[in-house]
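Summary of structural features
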Amino acid sequence: MINEITSTQAYQALANEPDAVLIDCRTKEEWQLLGTPDLSGVGKRTVLIEWQDFQGRVNEDFCDQVEDVTDTDCPVYVICRSGGRSRSACEALINAGFEQCFNLKDGFDGKLNDKGQRGKIEGWQVSDLPWTQG
């Protein structure tokens, strides 16, 4: 089962659960241009593993790459731009035997506002959680 939580809830869980990991499944281009969650304040690092590349091709090695950094029984939190790709990545992880998958439903930038802009309504950045750019 995929657990749907907010970025704020995920940050609190990552701070309190020693074995929990955060997987940022966006593209390399997004990490470089938009930034990444910063977990240094809770003594962790964000793990960067693309779910899809910039052309939309699914990373067939995604689950194996996640298993390289954590065990299947550890809590895995997955973030993308707005919660869609991370949900798909969580589904793949569950099918691969991961027991505790959490989708950050608001993502790094959140949904679009009425002007078609992200990063204004919800998400990791809007929640004033730590992040780094570039």
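Summary of the structure given here.

1. Examining the overall build of the protein chain
When its secondary structure is counted, the protein chain shows 4 helices and 7 strands. Starting at the N terminus and walking to the C terminus, you meet the elements of the protein chain as β-α-β-α-β-β-α-β-α-β-β. Its C-alpha radius of gyration of 14 Å places the protein chain within 12% of the 14 Å reference for a compact globule of 134 residues. Dimensions of the protein chain, computed from C-alpha atoms along their principal axes, come out at roughly 40 × 35 × 25 Å. Pairs at least 24 residues apart make up 66% of the contacts formed inside the protein chain by residues separated by at least 6 positions. Approximately 6900 Å² of the protein chain is accessible, and the part contributed by carbon and sulfur atoms is 43%. Averaging the coordinates of the 13 positive side-chain charges in the protein chain and doing the same for the 23 negative ones gives two points 9 Å apart.

2. Regarding helix α1 (residues 7-16)
Looking only at α1, the buried set comprises Ser7, Ala10, Tyr11, Ala13 and Leu14. What you see down the axis of α1 is that its buried residues fit within an arc of 165°, all on one side. Looking at the buried positions of α1, the neighbouring elements they touch are β1 (2-5), β2 (21-24), β5 (75-79) and β6 (100-104).

3. Considerations on the pattern of salt bridges
This structure, assessed with the given rule, holds 5 salt bridges. With a closest N to O distance of 3.1 Å, Arg87 and Glu4 form a salt bridge. One end of the pair, Arg87, is in helix α4 (residues 84-95); the other, Glu4, is in strand β1, with 83 residues separating them in the sequence. Residue Arg26 is joined to Asp24 by a salt bridge in which the shortest nitrogen-to-oxygen separation is 2.7 Å. Its relative accessible area of 0% is what places Asp24 among the buried residues. Here the salt bridges do not stand alone but share partners, grouping Glu4, Arg87 and Glu91 into one network.

4. Some words on the pairing of β6
Judged by how many residues are buried, β6 sits mostly within the fold: 4 of 5 residues are covered. Bridge count for β1 against β6 is 4 bridges, and the pairing is parallel. Bridge pairing in β6 places Asn3 opposite Phe102. Strand direction decides the pairing type here: β5 and β6, joined by 4 bridges, are parallel. Note that in β6 the partner of Val78 across the bridge is Asn103. Since β5 and β6 lie parallel, the crossover through α4 that links them has a hand, and here it is right-handed.

5. Observations concerning a negative patch on the surface
Residues Asp19, Glu60, Asp61, Asp64, Glu67, Asp68, Asp71, Asp73 and Glu99 make up a contiguous surface patch of negative charge. Its location among the elements puts Glu67 in helix α3 (residues 62-67). What makes Glu67 partly exposed here is its relative accessible area of 43%.

Criteria and cut-off values
Residues numbered from 1 in each chain as written. Predicted model: local features only at pLDDT ≥ 70, side-chain atom pairs only at ≥ 80, totals over all residues. Heavy atoms only, no water. Helix = DSSP H or I, 4+ residues; strand = E, 2+ residues; numbered from the N terminus. Rg over C-alpha atoms; globule rule 2.2 N^0.38 Å. Contact = heavy atoms within 4.5 Å. Areas by Shrake-Rupley, 256 points an atom, 1.4 Å probe, with all protein chains shown as cover. Lys, Arg positive; Asp, Glu negative; His and termini not counted. Charge placed at Lys NZ, Arg CZ, Asp CG, Glu CD. Buried < 20%, exposed > 50% of the residue type's maximum accessible area, 1.4 Å probe, protein only. Arc of directions from axis to C-beta. Salt bridge = Lys/Arg side-chain N within 4 Å of Asp/Glu carboxyl O. Pairing = 2+ DSSP bridges. Right-handed = clockwise from strand over helix to strand, strands pointing away. Patch = residues over 30% accessible without salt bridge, like charges linked within 9 Å, V, L, I, M, F, W, Y side chains within 5 Å.

That's the geometry; what it means functionally is another story.
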